[in-house]
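# Survey of secondary and tertiary structure
Okay, here's what each chain looks like letter by letter:
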Amino acid sequence: MATVETVNGPVDLEELGLTLIHEHFRATDEAARFQFPHLYDEDAEWEAALSDAKGVKSHGVRTIVEPSVMFLHRDVAFSKRVADETGLNVVPATGVYTYDHLPQVLANRSEDEVAAIFVHEIENGIQGTDIKAAFIKCAADEPGVTPNVEKIHRAAARASQQTGRPIMAHSRPASETGLDQMRVFTEEGVDPAKVQIAHTGDTDNLDYIEKLLDTGCWIGLDRYGLDIFLPTERRNATTLALLERGYVERMFLSQDFCSTLDWFTAEVAEILRASEVPNWSMTFLLEQVIPTLKEGGMTDEQLGQMMEENPKIWLSA
Ligand SMILES: [Zn+2]
């Protein structure tokens, strides 16, 4: 029976059920919180994560894929606590979330040596536990596929080649990084059907999205509520257009919500929440987006494909 690694060990694919493919129970900087712990409130972080986990569960979600890795303060003990407390499956990743910077420990290692780190987390476990990574995460953003970013992509590709595990690549559609990212993966010989280009839904440029789909990858329409990149109405129009064009078997819906995010001071975060991302939450998709998409013509079958079947297929690619 095919299984997927979770923070509570391998779970039968059929047990995944309704799945959010991209959410974070906490996204902070591990170096900052180690050095400046007075900026952080562990209890508040725990309450926020638990409240979001209970919220999604009340909507029937059974699995959260959590692509927090190095530089997003991945902490599998924290994620396991969320899973234990709520009964959710939480699917962990290995990899590095960087737009360019690499610490010396990675800068002075080759692609193969970085790949070996990822393979260790897939085969042996993460952070000294026996919790194994189910997939590999990397990122490209405004700086593009810089030499450092390319190195992490090649390392991710080689770890995928060695273990068979899928890859999730954060992208920036505004500069069409997805195509460059797919070029690197293809050069490394990765089967494009193993690759998910996250955040593709930040654009409604269908020409770009179709060019990307032509490479054979999956796409994440995974930032619902982040109006700052694209408002919901335009995300919905894109989703419905792609369904109309027959891409349902390549698409994911999610929100990239972070129960805690340390990018801004509390004051600025509050202003941004109110003015730029008023709807962003871990349940916005379930409460407001899905009903609207259904009114727009999305069928229950298409919804089930995107939120139950596709996660199983990609995770077991
Ligand atoms: Zn994310």
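Quick look at the structure, then. Just so it is clear, the model here is predicted, and its values are computed rather than measured.

This next bit is on the overall build of the protein chain. Helix and strand counts for the protein chain come out as 12 helices and 10 strands. For the protein chain, the C-alpha radius of gyration of 18 Å lies close to 20 Å, the compact-globule estimate for 317 residues. Each principal axis of the C-alpha distribution contributes one length, and for the protein chain these read about 50 × 45 × 40 Å. The contacts in the protein chain between residues at least 6 apart in sequence include a share of 79% that link residues at least 24 apart. Of the roughly 13,200 Å² of accessible surface on the protein chain, 49% is carried by carbon and sulfur atoms.

This paragraph deals with empty space enclosed by the protein. For the structure on display, the rule yields two cavities of 30 Å³ or more. Looking at the largest cavity, its volume works out to about 40 Å³. Lining the largest cavity, in full, are R26, E66, S68, H73, R74, D75, F78 and S79. Here the lining of the largest cavity is built from residues that sort into one nonpolar, three polar and four charged.

Let us now look at the coordination of the zinc ion. Here the zinc ion is held by the protein donor atoms H22 (NE2), H24 (NE2) and D256 (OD), which lie 2.1 to 2.2 Å from it. All donor residues of the zinc ion come from one chain, and their arrangement in sequence is H-x1-H-x231-D. In this pair, H24 sits in the loop between β3 (19–20) and α1 (30–35) while D256 sits in the loop between β10 (251–253) and α10 (266–275), placing the two residues 232 residues apart along the sequence.

A word on the pairing of strand β5 (residues 89–95). If a strand is regular, its side chains alternate between the two faces of the sheet. In terms of residue burial, β5 counts as a mostly covered element, since seven of its seven residues are buried. Because side chains alternate across β5, one face comprises the buried residues N89, V91, A93 and G95, and the other comprises V90, P92 and T94, equally buried. When strand β4 (residues 63–66) meets β5, the two strands line up parallel, connected through four bridges. What sits directly across from E66, in β5, is P92. Taken together, β4, helix α3 (residues 76–86) and β5 form a β-α-β motif whose crossover is right-handed. In this sheet, strand β6 (residues 135–139) lies alongside β5 in parallel orientation, the contact comprising three bridges.

Right, let's get into the layout of surface pockets. Counted as a void, the largest pocket has a volume near 1,200 Å³. In terms of lining residues, the largest pocket is bounded by 43 residues, among which L261, D262, W263, F264 and W280 are the most central. Within the residue set of the lining of the largest pocket, elements represented by two or more residues are α2 (42–58) and α10. By residue number, the principal contributor to the lining of the largest pocket is α10, which donates five residues. Classifying every residue of the lining of the largest pocket gives 22 nonpolar, eight polar and 13 charged.

For the rest of this paragraph, the subject is unusual backbone geometry. Positioned with a positive phi, F71 is a non-glycine residue whose angle comes to about 80°. By the secondary structure assignment, F71 is in the loop between β4 and α3. On the basis of relative accessible area, F71 is assigned to the partly exposed category, the value being 21%. With phi around 50°, Q127 is a residue other than glycine that occupies positive phi space. With respect to the element layout, Q127 can be found in the loop between α5 (111–123) and β6. Residue Q127 is classed as partly exposed on the basis of its relative accessible area, which comes to 45%.

Scanning the entire structure with this criterion turns up 23 salt bridges. Note that R26 and E45 form a salt bridge whose closest N and O atoms lie 2.6 Å from each other. A residue pair is termed long-range when its members are at least 10 positions apart, and R26 in the loop between β3 and α1 and E45 in helix α2 qualify at 19 residues. For the pair formed by R26 and E45, the shared burial category is buried. Residue E45 pairs with R33 through a salt bridge whose shortest N-O separation is 2.8 Å. Residue E45 is located in helix α2, and its partner R33 is located in helix α1; the two are separated by 12 residues in the primary sequence.

The sheet built from eight strands is open, its strands ordered β3-β4-β5-β6-β7-β8-β9-β10 with parallel pairing. What marks the edges here is a single partner per strand, and that holds for β3 and β10. Two strands pair when backbone bridges link them, and β3 and β4 are joined in this way by two bridges, in the parallel orientation. Within the sheet, the bridge partner assigned to T19 lies in β4 and is T63.

By the definition in use, this model includes six aromatic pairs. Ring geometry for F252 against W314: centres 6.0 Å apart, planes inclined by 70°, an arrangement best described as edge-to-face. In this pair, F252 is assigned in strand β10 and W314 in helix α12 (residues 300–315), connecting sequence segments 62 residues apart. Ring pairing ties together the aromatic residues F135, W218, F252 and W314, which thus form one cluster. A cation over a ring is seen here: R26 above F78, with NZ or CZ 3.8 Å from the ring centre. The ring of W46 has R81 lying over it, and the distance from NZ or CZ to the ring centre is 3.7 Å.

Criteria and thresholds
Residues numbered from 1 in each chain as written. Predicted model: local features only at pLDDT ≥ 70, side-chain atom pairs only at ≥ 80, totals over all residues. Heavy atoms only, no water. Helix = DSSP H or I, 4+ residues; strand = E, 2+ residues; numbered from the N terminus. Rg over C-alpha atoms; globule rule 2.2 N^0.38 Å. Contact = heavy atoms within 4.5 Å. Areas by Shrake-Rupley, 256 points an atom, 1.4 Å probe, with all protein chains shown as cover. 1 Å grid on protein atoms, 1.4 Å probe; cavity = no way out; pocket = protein on both sides within 12 Å on 5 of 7 lines; lining within 4 Å. Points joined across faces, edges and corners; volume = space filled by probe spheres on them. Nonpolar A, V, L, I, M, F, W, Y, C, P; charged D, E, K, R; others polar. Donors = N, O, S within 2.8 Å, 3.2 Å for Na, K, Ca; no water. Buried < 20%, exposed > 50% of the residue type's maximum accessible area, 1.4 Å probe, protein only. Pairing = 2+ DSSP bridges. Right-handed = clockwise from strand over helix to strand, strands pointing away. Salt bridge = Lys/Arg side-chain N within 4 Å of Asp/Glu carboxyl O. Phe/Tyr/Trp six-rings, centres within 6.5 Å; stacked < 30°, edge-to-face > 60°. Lys NZ or Arg CZ within 6 Å of the ring centre and 35° of its normal.

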